[in-house]
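The lines below spell out each chain.
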Amino acid sequence: MASWREFFTRISSLTPHLCPSRYPKLQFIALTYFLDLVLGRIGNNALPPLTLGALITTFATPGVSPFPAFGTGP
């Protein structure tokens, strides 16, 4: 997995090509794209541990089904 430093190095090398100074609409699109990349990176790093913790809690609690649509368990 790439580090944050590598991520920002790559983005900073692309920035002059993505942000033309004469076109505010293209700058807005580039900013939106950049924010989407950052939010995706944060989501990919934060959600798996939270999901794993919730799953472990579910399996550790007796009588709670990991699949609530199928009932309460045995």
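Model, not experiment: these values are computed from the prediction.

Caption draft 1: Representation of the packing of aromatic side chains. Taken as a whole and judged by the stated rule, the model has 2 aromatic pairs. Their ring planes at 70° and their centres at 5.3 Å tell us that Phe7 and Phe8 sit as a pair that is edge-to-face. A relative accessible area of 13% places Phe7 in the buried class. Residue classification places Phe8 among the partly exposed residues on the basis of a relative accessible area of 40%. On the numbers, 6.4 Å between centres and 50° between planes, the contact of Phe8 with Phe34 is tilted. With Phe8 in helix H1 (residues 4–18) and Phe34 in helix H2 (residues 24–60), the pair connects residues that are 26 residues apart, well separated along the chain. With a relative accessible area of 24%, Phe34 lands in the partly exposed category. An aromatic cluster of three or more residues is present, and its members are Phe7, Phe8 and Phe34.

Thresholds applied
- Residues numbered from 1 in each chain as written.
- Predicted model: local features only at pLDDT ≥ 70, side-chain atom pairs only at ≥ 80, totals over all residues.
- Heavy atoms only, no water.
- Phe/Tyr/Trp six-rings, centres within 6.5 Å; stacked < 30°, edge-to-face > 60°.
- Buried < 20%, exposed > 50% of the residue type's maximum accessible area, 1.4 Å probe, protein only.
- Helix = DSSP H or I, 4+ residues; strand = E, 2+ residues; numbered from the N terminus.

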